[in-house]
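Coordinates in review
Spelled out, the chains give:
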Amino acid sequence: MPTEELNYQLIVTMTLASVVVVVAVILLFTVFVSKKNELIKAKLEVEFEKERERHKLELQALRSQMNPHFVHNSLNAIQYYIQRNEVELSEEYLTRFSKLIRSFFELSRQQTVTIVEEINLLNNYLALEKMRFEDKLEYKITVDKNLDTDTCIPAMLLQPIVENAVNHGIFHKNDKGLVRVIFKPFNEHDFEVIIEDDGIGLTRSKELFKKSGKTLENRSSAVLKDRLKLLEYSNQFKVDYRIKERKDLSGTRVSLIFKTRFES
């Protein structure tokens, strides 16, 4: 066989061998990268699941935090009725208070409740506060007929806001005050909950708290903001929270827009 032909076959053989080696290296690299990505993905999924579990525990802890001022005020109201020898009123108040406390503990173990369940809780709470304030407090809860009341919302989310409306708005008002809670559609997919009062307003509240050496950013507000952040971070709910002074009348208006569709 001529030397030129042998050299040609050798070159072809070496070329083919080089191609095979290159292809094998590429395949090995591809398999390596794929396996590495699978391991990274599996590790991230485990870490994500641990993070979600941690968030669930944190949310449960936040849900179970009850404003101590509410308990203190309720016990003072019971004592007030007893001192005035109004036995029937004190018994009624104590019965309502016990039922409400039981509801708090039951709902604190749940992640979500239906709008109907939330309305029942708010009705019981405001009825109790109306007894404490006597003729000074009125309240109204309205639900748009187009809103599905079986829709779920985070448990124990609205009551602290309503409590702030009572204690920071109506409590410092000289005459009768009104707290309104409105459930209504916001658009085709989302819905809104509005909590408003005709109390003294944010500006006046801040002035009073400044004089008392306290800040308006109380514990319940801090818990609310923490919960909203965790709910969004854990991809459970997206809630746009807005609070402002009412322009038409005195008082404060809180708006919560519940997004049923949002990017994770």
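Structure first, text after, so check above.
Let me sum up the structure you'll find in this document.

Scoring rules and cut-offs
Residues numbered from 1 in each chain as written. Predicted model: local features only at pLDDT ≥ 70, side-chain atom pairs only at ≥ 80, totals over all residues. Heavy atoms only, no water. Helix = DSSP H or I, 4+ residues; strand = E, 2+ residues; numbered from the N terminus. Areas by Shrake-Rupley, 256 points an atom, 1.4 Å probe, with all protein chains shown as cover. Pairing = 2+ DSSP bridges. Axes fitted to C-alpha atoms, helices over the stretch in contact; angles between N-to-C directions. Contact = heavy atoms within 4.5 Å. Parallel < 35°, antiparallel > 145°, perpendicular 65-115°, else oblique. Left-handed = near helix turned anticlockwise from the far one by under 90°. Nonpolar A, V, L, I, M, F, W, Y, C, P; charged D, E, K, R; others polar. Phe/Tyr/Trp six-rings, centres within 6.5 Å; stacked < 30°, edge-to-face > 60°. Buried < 20%, exposed > 50% of the residue type's maximum accessible area, 1.4 Å probe, protein only.

All right, on to the overall build of the protein chain then. Along its length, the protein chain carries seven helices and seven strands. Working note: accessible area of the protein chain is about 16500 Å², and carbon and sulfur atoms make up 56% of it.

With that settled, the discussion passes to unusual backbone geometry. One non-glycine residue, Met156, lies in the positive phi region at around 60°. Structurally, Met156 is set in the loop between strand S3 (152–154) and helix H5 (159–170).

On to the sheet that holds strand S2 (residues 137–143). The five strands lie next to each other as S2-S4-S5-S7-S6, forming an open sheet whose pairing is mixed. Sheet topology places S2 and strand S6 (238–245) at the edges, where each strand pairs with a single neighbour. Between one strand axis and the next, the sheet turns through 10° on average, direction left out of account. Direction of pairing for strand S4 (residues 177–185) relative to strand S5 (residues 191–197): antiparallel, over a ladder of seven bridges. From the neighbouring strand, Lys184 faces S5, where its bridge partner is Glu192. The strands touched by helix H4 (residues 115–133) within the sheet are S2, S4 and S5, with S2 carrying the most contacts at an inclination of about 170°.

Look at H4 against H5: their axes get within 10 Å of each other, and the N-to-C directions meet at 20°. With respect to their mutual orientation, H4 and H5 come out roughly parallel. Viewed along their axes, H4 and H5 form a crossing whose handedness is right-handed. The segment H4 lies against H5, with Glu118, Leu121, Leu122, Tyr125, Leu126, Glu129, Arg132 and Phe133 engaging Gln159, Val162, Glu163, Val166 and Asn167. Classifying every residue of the contact of H4 with H5 gives seven nonpolar, two polar and four charged.

The next thing to look at is the packing of aromatic side chains. Within the structure shown, the criterion is met by two aromatic pairs. Aromatic pair Phe133 and Phe171: ring centres 6.3 Å apart, planes at 90°, arrangement edge-to-face. One end of the pair, Phe133, is in helix H4; the other, Phe171, is in the loop between H5 and S4, with 38 residues separating them in the sequence. Here Phe171 falls in the partly exposed class, since its relative accessible area comes to 43%. Relative to Phe258, the ring of Phe191 has its centre 4.8 Å away and its plane inclined at 5°; by these criteria the two rings are stacked. Linking Phe191 in strand S5 with Phe258 in strand S7 (residues 252–259), this pair joins segments that are 67 residues apart in sequence. Accessibility expressed as a relative area gives 5% for Phe191, which makes it buried.

Each packed pair of helices is defined by two parameters, the angle between the axes and the distance between the axes. Here helix H3 (residues 87–108) crosses H4 at 150°, and the two axes come no closer than 10 Å. The orientation of H3 relative to H4 falls into the category roughly antiparallel. In terms of crossing hand, the pair formed by H3 and H4 is left-handed. For the pair H3 and H4, contact is made by Leu89, Glu92, Tyr93, Arg96, Phe97, Leu100, Ser103, Phe104 and Leu107 and by Leu121, Asn124, Tyr125, Ala127, Leu128, Met131 and Arg132, respectively. Tallied by class, residues from the contact of H3 with H4 come to 11 nonpolar, two polar and three charged.

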